[in-house]
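Chain by chain, the residues:
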Amino acid sequence: MLFLSISTWEPENSDRVVEHFKKLRPPAGVNVINQWVDLSGGRYFILYETSDAKAFAEFNLPWSDICYIETCTVMESTEFIKLMISKGV
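Nothing here was measured: the structure is a model prediction, and the numbers come from that model.

**Student:** So what's going on with the overall build of the protein chain? Which residues, and what values?
**Tutor:** A tally of regular secondary structure across the protein chain gives 3 helices and 4 strands. Listing each helix as α and each strand as β along the protein chain from the N terminus yields β-α-β-β-α-β-α. The proportion of buried residues among the 89 residues of the protein chain is 26%. For the protein chain, restricting intrachain contacts to residue pairs at least 6 apart in sequence, the fraction spanning at least 24 positions comes to 65%. Here the protein chain carries 8 positive and 12 negative side-chain charges, and the mean point of each set is 4 Å from the other.

**Student:** Kindly report on the nonpolar core, identifying the contributing residues and their values.
**Tutor:** Taken as a class, soluble globular proteins show a tendency for nonpolar side chains to be buried jointly. Of all hydrophobic cores here, the largest spans 13 residues; its most connected members are Val 17, Tyr 48, Phe 59, Trp 63 and Cys 67. Looking at this core, the elements that each hand over two or more residues are β3 (43–49) and α2 (53–60). It is β3 that contributes the most residues to this core, 3 residues altogether.

**Student:** So what's going on with the pairing of strand β1 (residues 2–8)? Residues and values would help.
**Tutor:** As judged from the 7 bridges shared by β1 and β3, these two strands associate in the antiparallel manner. Opposite Ile 6, over in β3, you have Phe 45 as the bridge partner. Across 7 bridges, β1 lies against strand β4 (residues 68–74) in antiparallel orientation. Counted as the bridge partner of Leu 2 is Val 74 from β4.

**Student:** Can you explain the sheet that holds β1? Please cite residues and give values.
**Tutor:** Overall, antiparallel pairing links the 4 strands, which are arranged β2-β3-β1-β4 in an open sheet. Of all strands in the sheet, those bounded by a partner on one side alone are β2 (31–37) and β4. The average angle at which neighbouring strand axes cross in this sheet is 20°, direction not considered. Running over the sheet, α2 touches β1, β2, β3 and β4 and is turned about 160° from β3.

**Student:** With reference to specific residues and values, describe the pattern of salt bridges.
**Tutor:** The tally for this structure, following the rule as stated, stands at 5 salt bridges. Ionic pairing is found between Arg 16 and Asp 65, a salt bridge with its closest N-O pair at 2.9 Å. Here Arg 16 is found in helix α1 (residues 14–22), whereas its partner Asp 65 is found in the loop between α2 and β4, with 49 residues between them in sequence. For Arg 16, a relative accessible area of 41% gives the class partly exposed. The salt bridge involving Lys 22 is made with Glu 19; its shortest N-O contact spans 3.1 Å. Of this pair, Lys 22 and Glu 19 both sit in helix α1, 3 residues apart, which is roughly one turn of that helix. Among the residues examined, Lys 22 registers a relative accessible area of 54% and is labelled exposed.

Reading guide: rules and limits
Residues numbered from 1 in each chain as written. Predicted model: local features only at pLDDT ≥ 70, side-chain atom pairs only at ≥ 80, totals over all residues. Heavy atoms only, no water. Helix = DSSP H or I, 4+ residues; strand = E, 2+ residues; numbered from the N terminus. Buried < 20%, exposed > 50% of the residue type's maximum accessible area, 1.4 Å probe, protein only. Contact = heavy atoms within 4.5 Å. Lys, Arg positive; Asp, Glu negative; His and termini not counted. Charge placed at Lys NZ, Arg CZ, Asp CG, Glu CD. Core = buried A, V, L, I, M, F, W, Y, C linked by side-chain atoms within 4.5 Å. Pairing = 2+ DSSP bridges. Axes fitted to C-alpha atoms, helices over the stretch in contact; angles between N-to-C directions. Salt bridge = Lys/Arg side-chain N within 4 Å of Asp/Glu carboxyl O.

All we've got here are geometric facts, nothing functional implied.
Written out as C-alpha cells, the structure reads:
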C-alpha cells in the first residue's frame, strides 16, 4: 500500500528534526518513493510503500518525540478512477 505522511514540528525542534533527517534510513520493507519539504518551514511530506506493519512502525516511531505525523493511505487518481469504473460507480 501507498502511504502519504505529513510531519510537522514546532520551530524549537527544527535543529533536532534536521539531525533526524540526516540519519533517515528506511527499514527493510519500506520503499520511499519521494519526499518534499515545505519551503515555508515546519512540514515534511513523504510518499512510501509498505505492506509490513512492523516496518511502518519502525519507520515512524523514532520521530514521535519531535514531530506530529499524520498518515493516510493513498492511490493514484487514475487507478482510483479505473477502480470506480470497474465497480459501476
